[in-house]
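Given next are the chains, with one letter for each unit.
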Amino acid sequence: MSPSRKIAHLDELVFDNRFLRELPADPEPLNTRRQVLSACYSRVQPVKTAKPHYVAHAQEVAELLNLSEQLPLSEDFTQVFSGNRLTPGMEPHATCYGGHQFGNWAGQLGDGRAIYLGDVINHRGERLTLQLKGAGPTPYSRNADGLAVLRSSVREFLCSEAMHHLGIPTTRAFSLLLTGDTVVRDMFYNGNPKPEPGAVVCRVAPSFTRFGHFQIFAARREIELLKQLVDYTIRTDFPHLGEPDRDTYIAWFKEVCLSTADLIVHWQRVGFVHGVMNTDNMSILGLTIDYGPYGWIDNYDPDWTPNTTDSDERRYRFGNQPQIAFWNLGQLGNAIYSLIEEVEPLQEALSSYRERFETSWQTMVAQKLGLIAYEQQTDDDLCLELFDLLKAIETDMSIFYRKLALISKNPNSEPENDINTLMEAYYLPEQLTAGYRSRLTRWLMNYRKRLQKDDLEDEQRRITMNAVNPKYVLRNYLAQQAIDKAGEGDFAMIHELLDLMRHPYDEQPGKEHFAVKRPDWARRRPGCSMLSCSS
Ligand code: AMP
Ligand code: MG
């Protein structure tokens, strides 16, 4: 097929299901919930949906798959991506993985509500795995139904694409469809189950492999299978490392450590809180994966987590994400130990996480502040005092950095004017006491002095700062408003937010109402400030 010709019918998609060909399958054909031993996956069929209905798709993902522009609007598209029709080459299956949940080994988890359709090889020769989330039960569904509701699917759909456009590695969201069926959910586990509209999201990524995929075989001492999966992963997703052997395993683990460090630096940069950083939700490619009870920092608070299930320990709070990623990598290191049988190289790779995190984090902070480079001698203090100031009173993180970009390095600038420039970032202006103002003024003077050391004009600095400090993020209350409207059958805001988040660093005149502080009504509203895992 010539690369310029777009795919006009889904049957033209070309699949290469290497994972199924090369790795052992569960021999049991029945879709019953159970422990699946000595296998990487089970074949399953998506459930048929009553009356699937198109809600949205991401045009950029359609382009990755080389689809014609009209194709996603066809009835056939809705039938295929709701799970009602398989195209030639699709081989639906669910994979086996385990994981540490909230720090404890949880045994077999697996794709309980995700069904892989197979790997498309696109017109550029890239491998893109398609997966339906919410298409029915699998042997890994444990005591749940394998389904997903509209609210959680809207959140996954919008945030996957928002993250991509923010420049953050992530699984992509291709389509969002209503199934036409209802799903019963007890949203806050408080004895109030209610029927909700069911939905299916089609996710796309080069690979959905998680740390937990390796952990399960190590935990079961299925070492040959562990080796097979590591070899497969290196050959398929890390071919630049060369043929798998002991050295390649070490190089591979180190690469996972580095890409994970880069990912977490991105999250900290934009104020994204994953919410459930269990090892089964950690991607081997360093992608953001599994959008559950995630949230965005409105006011800068390192202790904040959106996840009500974690509200006591706050293990997955914003400020703890770097440590948790390290802990999770340690668990992956443990899992592959038997292929290496030496602790030192694994520990070295883990140290590379810390080093990479430190240097990338410094570079990121310097960029957020508009500095040419991070100078430890001066900038450690500058940052520490800034973070203290930001959390001492309720300060909107995204607005603060955009406003900071407007402050002049001119030594004659009036500190009072600067504080006025920043004012929009404060939730409770009465918290700006005389004491706080004088501390902030001192910090602004130090910041100005620091800017003067760099050879960068104000306008140039503003442009570079705005390229890393998004004006628009998928604020929790915005996603919730889109969900509320979708529940009434109005999908316009989903499209509006999808479009808005295509250019998160641009001013986008006329869209400023999406960049304002969280309104007061959203402070304690479920969905806006707190979410549970139940979706
Ligand atoms: P999560 O918290 O979404 O990462 O999910 C943890 C585990 O629970 C994974 O094995 C999921 O597949 C499974 N799971 C979550 N929700 C459902 C559901 N509605 N039906 C079946 N399995 C689920
Ligand atoms: Mg998960």
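Source: prediction; values computed, not measured. (Residues numbered from 1 in each chain as written. Chains lettered and ligands numbered in written order. Predicted model: local features only at pLDDT ≥ 70, side-chain atom pairs only at ≥ 80, totals over all residues. Heavy atoms only, no water.)

Turning our attention to the packing of helix α7 (residues 246-270) against helix α8 (residues 321-340). Running from N to C, α7 and α8 cross one another at 170°; their axes reach a closest spacing of 10 Å. The angle between α7 and α8 falls in the class roughly antiparallel. On the side of α7, the interface is formed by Arg246, Tyr249, Ile250, Trp252, Phe253, Val256, Cys257, Thr260, Ile264, Trp267 and Gln268, while α8 contributes Gln321, Pro322, Ala325, Leu329, Leu332, Gly333, Ile336, Leu339 and Ile340. Residue composition of the contact of α7 with α8, grouped by class: 15 nonpolar, 4 polar and 1 charged. (Axes fitted to C-alpha atoms, helices over the stretch in contact; angles between N-to-C directions. Helix = DSSP H or I, 4+ residues; strand = E, 2+ residues; numbered from the N terminus. Parallel < 35°, antiparallel > 145°, perpendicular 65-115°, else oblique. Contact = heavy atoms within 4.5 Å. Nonpolar A, V, L, I, M, F, W, Y, C, P; charged D, E, K, R; others polar.)

Moving on, we get to the site of ligand 1. In the neighbourhood of ligand 1, 17 residues make up the surrounding shell, with Gly110, Gly112, Arg142, Gly146 and Asn281 lying closest. A domain-level breakdown of the shell around ligand 1 finds at least three residues from each of domain 1 (10-211) and domain 2 (242-367). (Near = heavy atom within 4 Å. Domains from an automatic or database assignment.)

Looking at the secondary structure, you find Tyr427 in the loop between α12 (415-422) and α13 (434-453). Counting along the chain gives 32 residues from Tyr427 to Thr395, while the straight-line C-alpha distance between them is 6.2 Å. Looking at Tyr427, its side chain comes within polar contact range of the side chain of Asp396, at 2.6 Å. (Polar contact = N/O pair within 3.5 Å; in protein donor to acceptor, adjacent residues only side chain to side chain.)

Bringing the coordination of the magnesium ion (ligand 2) into the picture now. For the magnesium ion (ligand 2), every protein donor is listed as Asn281 (OD1) and Asp290 (OD), and the spread of their distances is 1.9 to 2.2 Å. Comparing Asn281 with Asp290 shows no difference in burial state: the two are buried. (Donors = N, O, S within 2.8 Å, 3.2 Å for Na, K, Ca; no water. Buried < 20%, exposed > 50% of the residue type's maximum accessible area, 1.4 Å probe, protein only.)

A word on the side chain of His274. By the element assignment, His274 lies in the loop between β10 (272-273) and β11 (295-296). Side-chain polar atoms of His274 contact the backbone nitrogen of Val276, separated by 3.1 Å. Aside from chain neighbours lying at most four places away, what touches His274 is Trp267, Asn281, Thr288, Ile289, Asp290, Pro293, Tyr294 and Gln321.

The terminal C-alpha atoms of helix α9 (residues 343-369), which comprises 27 residues, lie 39 Å apart, in line with the 39 Å expected from a rise of 1.5 Å per residue. The positive-phi residue at the C-terminal boundary of α9 is Gly370, with phi of around 75°. (Expected span 1.5 Å × (residues − 1).)

All right, on to the pattern of salt bridges then. Within this structure, the stated rule accounts for 43 salt bridges. Its salt-bridge partner being Arg85, residue Asp11 comes within 2.8 Å of it at the nearest N-O pair. Residue Asp11 is found in the segment before α1 (18-22), and its partner Arg85 is found in the loop between α3 (75-81) and β3 (93-95); the two are separated by 74 residues along the sequence. Connected through shared salt-bridge partners, Asp298, Glu394, Asp396, Arg475, Arg518, Asp520 and Arg523 make up one network. (Salt bridge = Lys/Arg side-chain N within 4 Å of Asp/Glu carboxyl O.)

Another point: the domain arrangement of the protein chain. Many authors give the size of an interface as the accessible area that is lost as the parts come together. Domain annotation of the protein chain identifies domain 1 (10-211), domain 2 (242-367), domain 3 (373-455) and domain 4 (476-522). The straight-line distance from the C-alpha centre of domain 2 to that of domain 3 is 29 Å. Listed as interface residues are 13 residues of domain 2 and, on the opposing side, 12 residues of domain 3. Summed over both sides, the interface of domain 2 with domain 3 buries roughly 1100 Å², with 68% coming from carbon and sulfur. Contact with domain 3 buries surface across domain 2, with Asn299, Tyr300 and Gln362 losing the most and accounting together for 51% of the total. Where domain 2 packs against domain 3, one counts 0 salt bridges. Where domain 2 meets domain 3, there are 2 residue pairs in polar contact (both at pLDDT 80 or more). Every element with two or more residues in the side of domain 2 that touches domain 3 is listed here: α7 and α9. (Buried area = accessible area lost by both parts, 1.4 Å probe.)

With 157 residues, the main nonpolar core has Phe81, Phe174, Trp296, Leu369, Leu404, Leu474 and Ile494 as its most contacted residues. Per-element accounting of this core gives the leading share, 12 residues, to α7. If we skip the residues at most four places from it in the chain, Phe81 touches Leu10, Leu117, Leu130, Leu132, Phe174, Ser175, Leu177, Val200 and Cys202. Membership of the second largest hydrophobic core comes to 5 residues, among which are Tyr116, Ala205, Phe208 and Leu287. (Core = buried A, V, L, I, M, F, W, Y, C linked by side-chain atoms within 4.5 Å.)

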